[in-house]
Amino acid sequence: MSTAINQIVNANVYFNGNSLLGKAKEIKVADIEFEQIEHKGLGLVATIKLPAGLNALEGEVTWDSFYPEVRAQNTNPFKHQQLMIRSNLQVFNAMGLKEEAPLVTVMNVQFNKTAGGSFKPKEAVELQDSFQIYSIKQTLNGKELLYVDTFANIYRVNGQDVLQKYRTNIGQ
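All residue numbers here refer to positions counted from 1 along the written sequence of the relevant chain. With the structure being a predicted model, the display of local features is reserved for residues of pLDDT at least 70 and the display and counting of side-chain atom pairs for 80 or more, all residues being used for whole-chain, interface and lining totals. Hydrogen atoms and water are omitted, and side-chain values are computed over all heavy atoms in the structure.

It is worth spelling out the side chain of S135 at this point. By the secondary structure assignment, S135 is in strand β10 (residues 127-140). Three labels apply to residues, based on accessible area from a 1.4 Å probe with only protein chains included: buried if under 20% of the type maximum, exposed if over 50%, partly exposed otherwise in between. The class of S135 is buried, set by a relative accessible area of 15%. Not counting chain neighbours up to four residues away, the residues in contact with S135 comprise V106, M107, N108, V148 and D149. Helix and strand labels come from DSSP, where a helix needs a run of H or I of at least four residues and a strand needs a run of E of at least two; each type is numbered from the N terminus. Residues are treated as being in contact if the distance between any of their heavy atoms lies within 4.5 Å.

As structure tokens, then:
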């Protein structure tokens with residue numbers, strides 16, 4: 001059996017459903033990080049940390065120039081925007097490229113920092129904007145890998161609703 005190596009080397013960003021092919025230089029998706037609470041109990045020889053919820057989901061996008069169609073929408077903190085990243089996951093083995101599959105990440109975001117820019121002679125202006133992520137869904141070849149909706153207390157991993165019992169217990 002041959003070892004399979006996965007790689008993603010490029011992607012396209014969509015802003016509210018519109019392709020921004022070649023306009024985003026880099027986009028950083030939030031790290032999924034759980035807040036932990038320390039627990040020290042009698043009889044335990046160690047301190048343990050237990051999950052207490054998700055930390056805020058934050059991301060960044062670097063634009064390779066000024067785009068008025070983006071700027072007009074991402075400077076309003078009261079209106080959420082949709083960012084989608086479409087990438088191509090390539091799987092290689094000893095024989096070469098074995099398969100390719102779409103990796104799609106869709107986020108409902110609120111921009112909280114819009115860069116003014118730094119202007120230098122004979123250099124392209126780059127603008128880095130930061131955003132809060134209120135929902136994120138990631139699918140590979142149509143199969144849901146992750147779905148988080150912070151307003152609805154939904155957290156699914158591989159289609160399994162991890163917080164279903166929690167929502168029931170709090171009467172949601």
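Attention now moves to the packing of aromatic side chains. Pairing of aromatic rings covers Phe, Tyr and Trp, the last counted by its six-membered ring, and requires centre-to-centre distances within 6.5 Å; plane angles under 30 degrees mean stacked, over 60 mean edge-to-face, and any other angle means tilted. Counted under the stated rule, the structure contains four aromatic pairs. Here Y134 and F151 contribute two aromatic rings whose centre-to-centre distance is 5.2 Å and whose plane-to-plane angle is 50°, an arrangement assigned as tilted. Note that Y134 is positioned in strand β10 and F151 in the loop between β11 (143-149) and β12 (154-157), a separation of 17 residues in sequence. Among the aromatic residues, those joined into a ring-pair cluster are F15, F111 and F131.

Turning our attention to the environment of Q160. Among the structural elements, Q160 can be located in strand β13 (residues 160-161). Judged by its relative accessible area of 56%, Q160 falls in the exposed class. For the pair Q160 and L146, spaced 14 residues apart in sequence, the C-alpha to C-alpha distance is 9.1 Å.

Let us look at the side chain of R71. Relative to the elements of secondary structure, R71 occurs in helix α1 (residues 68-74). Overall, the relative accessible area of 15% leaves R71 in the buried class.

Bringing the nonpolar core into the picture now. By size, the foremost hydrophobic cluster in this structure holds 23 residues, and its most contacted members are W63, L83, M107, V109, F111, F131 and I133. Mapped by element, the contributors of at least two residues to this core are β2 (11-15), β7 (57-63), β8 (81-93), β9 (96-113), β10 and β11. Here this core takes four residues from β10, the largest share from any one element. If near-sequence neighbours (up to four positions away) are discounted, M107 is found in contact with I27, V29, Q81, Q82, L83, I85, F131, I133, S135 and I136. Take the buried Ala, Val, Leu, Ile, Met, Phe, Trp, Tyr and Cys residues and link them wherever side-chain atoms come within 4.5 Å; each set so joined is a nonpolar core.

When a carboxyl oxygen of Asp or Glu is within 4 Å of a side-chain nitrogen of Lys or Arg, the pair counts as a salt bridge. Under the defined criterion, the tally for this structure stands at eight salt bridges. The network of salt bridges with common partners includes K137, E144 and R156.

A word on a nonpolar patch on the surface. On the surface, a nonpolar cluster with roughly 240 Å² of combined accessible area is contributed by L44, I48 and L50. Within the secondary structure, I48 sits in strand β6 (residues 48-54). Think of a patch as exposed residues, more than 30% relative accessible area, with no salt bridge, where like charges cluster within 9 Å and nonpolar side chains (Val, Leu, Ile, Met, Phe, Trp, Tyr) cluster within 5 Å. Reported accessibility uses the Shrake-Rupley method at a 1.4 Å probe radius. Residues are deemed covered only where the shown protein chains occlude them.

Functional significance is not addressed by these values, which are geometric in nature.
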